[in-house]
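Single-letter residue listing:
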Amino acid sequence: MISISANTMKPLQKNGQLPIFHVSLLIYTVAMILIFLSMTEGVAQVSDVDDRMRELQIRHLLSPKGQWFDFQLPFIAMPEPYFSPWSRLVDLPYVIVTASAEMLFAPEVALNIALFIVPLLLLVPFSFLAALLLTRMVPLETFSTRMQIILIVCMVCFLASVVQEFSPGRIDHHNVQILAMMMIACGLMLWSFNGGVLIGSGAAISLVTGLEVLPLVVVVWAGLILSYLVGTKESRRVLLGACMAMFIATIVCAFAFLGPASIRSVQCDAFSAPYILPMILVPLSVCGSLYFTPRAAQQSIKAAAFIVPLLIIVAVTACLFPQCLQGPYGMLGPLEHALWFDRLLQEKNLLQLYSVDTSGVVPLLGAVTGLVFFALIPVIRKGFQQNTKYLILYAVMACALILALLMARYLKFALLFMPFFLFFSVHWWRQARADGASILPAVFSSAASVLVFAGSLLMFSKGEFAFHPTDLMQYDQCQGQDMSVLATLSPGRIISPQGLAMPLAATMPDGFSIASAPFHRTAPGMRRVFTAFLSNDVEARKQALAPFDYVVVCRLGFELSDKDAVLYTALATGQDWPGLERIITDNASDLQVFRIDHSRLR
């Protein structure tokens, strides 16, 4: 039984804290070492299809045809035009660095410099925010200088998977989202009007960048309102700062990164009218509740003053944009869901990840689960001291863990705050032990949670991976091979397996376009790709191929026999097909290009 009053805890001996600049520099140095140790030939090993698509978007923006508020990418034609949902906020630093580098280098060299250096530049504010958060959560002066250095190095090592998001070439939006969440965390620890400004700005930036953090932002706002209702000191000022910052940041970002036309657009998967409206109305509503509700009013009246307007905002938004009730992936049909979306590892839950034996992910989830229970008692004790900021950040970490158990894409957010709460809990228990408390309850609860976590997995046997031809179609079987044959052909529309989409888009000359890419907004193109390559229905195949001029498929180095993927099986094994005229080349590439003769197509 733990019976410690935090007010009677004896303070540990203080030895002097490292200056925050030194802490930031140490974090940045260790992070850089981890990044470059993980790189292969100057390329980040964690680079993925999102990074390649972002690079193509930036290249198009910087081309003579690119316009700031025009989100159409002409190299994708399904044949419907493709409009990118990705924010110009993430593109901005690459545009600035490229423009600066062009004063000394050729445009292509300048862009490559930007793609390499911008993630490392973003690591600078991350290091500062991490240092600020650490020094606010853990009194480092209670440790010796040597121990402080060891703790900081260990913290960065625990954050290795998060730090990898700042590797050169890692140019998608995840590093910006991480920065935004760190802004929110630091704002909570500052717990002042300025802290509220950080919270509101971080919340707006995170939603402008990507909508997956919406549940975490909701948890933060709910925590701020509850803190005010229970009378936490400074909570009113924090809320006012958050409201002001989110209101202003939303309007600024809308006009700076969307433009007047896109502001009014309805995009359920991106920052647009369905999200701009509540992001403006919620801060106004909360401010109104703060100003017009008497401070001496009963708690029930205060709570109603917040809850009722917020429910009205939610209801009005739902009525105005009913199509968004289907979620951000409403454009995906059953075929695209089954053959693409449902097979993505980042969209799988814990049991699905365990069944395919994804290395490293499941143990990390187990570690975070153990930490959540290890930190529970210190966080609750802090909450009893009116330090609800710890409870809010803890709730964000716990929510991210729950989401990660349901969908692996949230793992990075669950890991983000893990080392901070680990060292926070270690310090709290050090101080508690000095007053005679036992750490055994925390250790037992943490160990028990990990055992329950592991035991629940052991109850499920690992299933065998169910192979489907689409699994082959998702990989670039012609990686590094010669694709120059496209330069000898007349421009036209290409249909190919998805694994070839990004390599083709990066190398094909102007005037060519691809049918789809591994992104949900290309759902109409995906439908045509799957129907063309996998269907046994001749008429359905001919209709799927009708808008296109060329078929491009890689020749596999092994035999493939599948009756449910007639066209793909034939072309991938080097066979010909009626109505597809093979383009003969002199090179030894496995890239096969066919011109479509629609009159003879079968």
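Below is a summary of the structure that appears in this document.

About the criteria used
Residues numbered from 1 in each chain as written. Predicted model: local features only at pLDDT ≥ 70, side-chain atom pairs only at ≥ 80, totals over all residues. Heavy atoms only, no water. Helix = DSSP H or I, 4+ residues; strand = E, 2+ residues; numbered from the N terminus. Buried < 20%, exposed > 50% of the residue type's maximum accessible area, 1.4 Å probe, protein only. Contact = heavy atoms within 4.5 Å. Areas by Shrake-Rupley, 256 points an atom, 1.4 Å probe, with all protein chains shown as cover. 1 Å grid on protein atoms, 1.4 Å probe; cavity = no way out; pocket = protein on both sides within 12 Å on 5 of 7 lines; lining within 4 Å. Points joined across faces, edges and corners; volume = space filled by probe spheres on them. Nonpolar A, V, L, I, M, F, W, Y, C, P; charged D, E, K, R; others polar. Phe/Tyr/Trp six-rings, centres within 6.5 Å; stacked < 30°, edge-to-face > 60°. Lys NZ or Arg CZ within 6 Å of the ring centre and 35° of its normal. Core = buried A, V, L, I, M, F, W, Y, C linked by side-chain atoms within 4.5 Å. Salt bridge = Lys/Arg side-chain N within 4 Å of Asp/Glu carboxyl O. Disulfide = S-S within 2.5 Å. Expected span 1.5 Å × (residues − 1).

**A word on the overall build of the protein chain**
Turning to step 1, where the next piece is worked out: Along the protein chain, the regular secondary structure elements total 26 helices and 9 strands.
Turning to step 2, where the next piece is worked out: Within the span of the protein chain, comprising 602 residues, buried residues form 53% of the whole.
Turning to step 3, where the next piece is worked out: The long-range share in the protein chain, meaning contacts at least 24 apart out of those at least 6 apart in sequence, stands at 72%.
Turning to step 4, where the next piece is worked out: Approximately 26500 Å² of the protein chain is accessible, and the part contributed by carbon and sulfur atoms is 65%.

**As for empty space enclosed by the protein**
Turning to step 1, where the next piece is worked out: Within this structure, the stated rule accounts for 1 cavity of 30 Å³ or more.
Turning to step 2, where the next piece is worked out: By volume, the largest cavity amounts to about 50 Å³.
Turning to step 3, where the next piece is worked out: If you trace the largest cavity, you find it lined by Leu-472, Tyr-475, Gln-477, Pro-497, Gly-499, Leu-500, Val-553, Cys-554, Leu-556 and Tyr-568.
Turning to step 4, where the next piece is worked out: In terms of residue class, the lining of the largest cavity is made up of 8 nonpolar, 2 polar and no charged.

**Topic: the packing of aromatic side chains**
Turning to step 1, where the next piece is worked out: Throughout the structure, instances matching the rule amount to 13 aromatic pairs.
Turning to step 2, where the next piece is worked out: Geometrically, the ring pair formed by Tyr-329 and Phe-341 is tilted, given 4.8 Å between the ring centres and 55° between the ring planes. One end of the pair, Tyr-329, is in the loop between α13 (299-320) and α14 (334-339); the other, Phe-341, is in the loop between α14 and α15 (350-355), and 12 residues separate them in sequence.
Turning to step 3, where the next piece is worked out: For Tyr-329, a relative accessible area of 24% puts it in the partly exposed group.
Turning to step 4, where the next piece is worked out: Joined through ring pairs, the aromatic side chains of Tyr-390, Tyr-394, Phe-421 and Phe-424 make up one cluster.
Turning to step 5, where the next piece is worked out: In this structure, Arg-88 is placed above the aromatic ring of Trp-68, and the distance from its NZ or CZ to the ring centre is 5.8 Å.
Turning to step 6, where the next piece is worked out: For Arg-236, the ring lying beneath its charged end belongs to Tyr-291, and the centroid distance is 5.3 Å.

**Thoughts on the side chain of Arg-521**
Turning to step 1, where the next piece is worked out: Note that Arg-521 resides in the loop between β6 (513-514) and α24 (523-534).
Turning to step 2, where the next piece is worked out: In contact with Arg-521, not counting residues within four places along its chain, are Met-78, Tyr-82, Phe-83, Ser-84, Pro-85, Gln-267, Asp-269, Ala-270 and Met-331.

**Brief notes about the nonpolar core**
Turning to step 1, where the next piece is worked out: In terms of nonpolar packing, the biggest core is built from 122 residues, with Phe-126, Leu-133, Met-137, Met-182, Leu-224, Phe-417 and Phe-421 touching the most fellow members.
Turning to step 2, where the next piece is worked out: When residues of this core are assigned to their parent elements, the largest contribution, 15 residues, is made by helix α4 (residues 107-137).
Turning to step 3, where the next piece is worked out: Met-137 has contacts with Met-189, Tyr-390, Leu-393, Phe-420, Phe-421 and Phe-424, leaving out every residue within four places of it along the chain.
Turning to step 4, where the next piece is worked out: Among the nonpolar cores identified, the runner-up in size contains 31 residues, and Ala-532, Phe-548, Phe-594 and Leu-601 belong to it.

**Section: the pattern of salt bridges**
Where charged atoms from two side chains of opposite charge approach closely, those side chains can pair.
Turning to step 1, where the next piece is worked out: Taken as a whole and judged by the stated rule, the model has 16 salt bridges.
Turning to step 2, where the next piece is worked out: When the shortest N-O distance is used, the salt bridge between Arg-237 and Glu-234 registers 2.9 Å.
Turning to step 3, where the next piece is worked out: Residue classification places Arg-237 among the partly exposed residues on the basis of a relative accessible area of 42%.
Turning to step 4, where the next piece is worked out: Take Glu-234: its relative accessible area is 40%, and that puts it in the partly exposed class.
Turning to step 5, where the next piece is worked out: Across the salt bridge formed by Glu-581 and Arg-595, the nearest N and O atoms sit 3.5 Å from each other. Residue Glu-581 is located in strand β8 (residues 580-582), and its partner Arg-595 is located in strand β9 (residues 591-596); the two are separated by 14 residues in the primary sequence.
Turning to step 6, where the next piece is worked out: The exposure class of Arg-595 is partly exposed, given its relative accessible area of 31%.
Turning to step 7, where the next piece is worked out: Taken together, the salt bridges that share partners define one network made up of Asp-51, Glu-165, Arg-170 and Asp-172.

**Section: the state of the cysteines**
Turning to step 1, where the next piece is worked out: Scanning the entire structure with this criterion turns up 1 disulfide.
Turning to step 2, where the next piece is worked out: A disulfide bridge connects Cys-268 with Cys-324, and the sulfur atoms are separated by 2.0 Å. Note on the Cys-268 and Cys-324 pair: the S-S dihedral is about -80°, so by sign convention the disulfide is left-handed. Of this pair, Cys-268 sits in the loop between α11 (260-263) and α12 (273-292) while Cys-324 is found in the loop between α13 and α14, placing the two residues 56 residues apart along the sequence.
Turning to step 3, where the next piece is worked out: Judged by relative accessible area, which is 16%, Cys-324 ranks as buried.

**A closer look at the environment of Ala-523**
Turning to step 1, where the next piece is worked out: Of note, Ala-523 is situated in helix α24.
Turning to step 2, where the next piece is worked out: Considered as a pair, Ala-523 and Leu-332 are 191 residues apart in the sequence and their alpha carbons are 5.7 Å apart.
Turning to step 3, where the next piece is worked out: If we skip the residues at most four places from it in the chain, Ala-523 touches Met-331, Leu-332 and Glu-336.

**A word on helix α7 (residues 174-190)**
Turning to step 1, where the next piece is worked out: Between the first and last C-alpha of α7 there are 24 Å, a value that for 17 residues agrees with the 24 Å anticipated at 1.5 Å per step.
Turning to step 2, where the next piece is worked out: Most of α7 is tucked away: 16 of the 17 residues are buried.
Turning to step 3, where the next piece is worked out: One or two residues past the end of α7 sits Trp-191, with phi positive at roughly 45°.

**Brief notes about helix α2 (residues 49-62)**
Turning to step 1, where the next piece is worked out: A rise of 1.5 Å per residue sets the reference length of α2, with its 14 residues, at 20 Å; its end C-alpha atoms lie 20 Å apart and thus fit the reference within 8%.
Turning to step 2, where the next piece is worked out: Taken residue by residue, α2 has Asp-50, Asp-51, Met-53, Arg-54, Leu-56, Gln-57, Ile-58, His-60 and Leu-61 as its buried positions.
Turning to step 3, where the next piece is worked out: The elements touched by buried residues of α2 are β3 (72-77), β4 (81-83), α3 (88-101), α4, α7 and α23 (501-507).

**A look at the layout of surface pockets**
Turning to step 1, where the next piece is worked out: There is about 500 Å³ of room inside the second largest pocket.
Turning to step 2, where the next piece is worked out: Along its surface, the second largest pocket is lined by 16 residues, and His-60, Phe-75, Ala-505, Met-508 and Asp-510 are the ones closest to its centre.
Turning to step 3, where the next piece is worked out: Of all the secondary-structure elements, those providing two or more residues to the lining of the second largest pocket are α2, β3 and α23.
Turning to step 4, where the next piece is worked out: A per-element tally of the lining of the second largest pocket places α2 first, with 3 residues.
Turning to step 5, where the next piece is worked out: Of the residues belonging to the lining of the second largest pocket, the class tally is 9 nonpolar, 4 polar and 3 charged.

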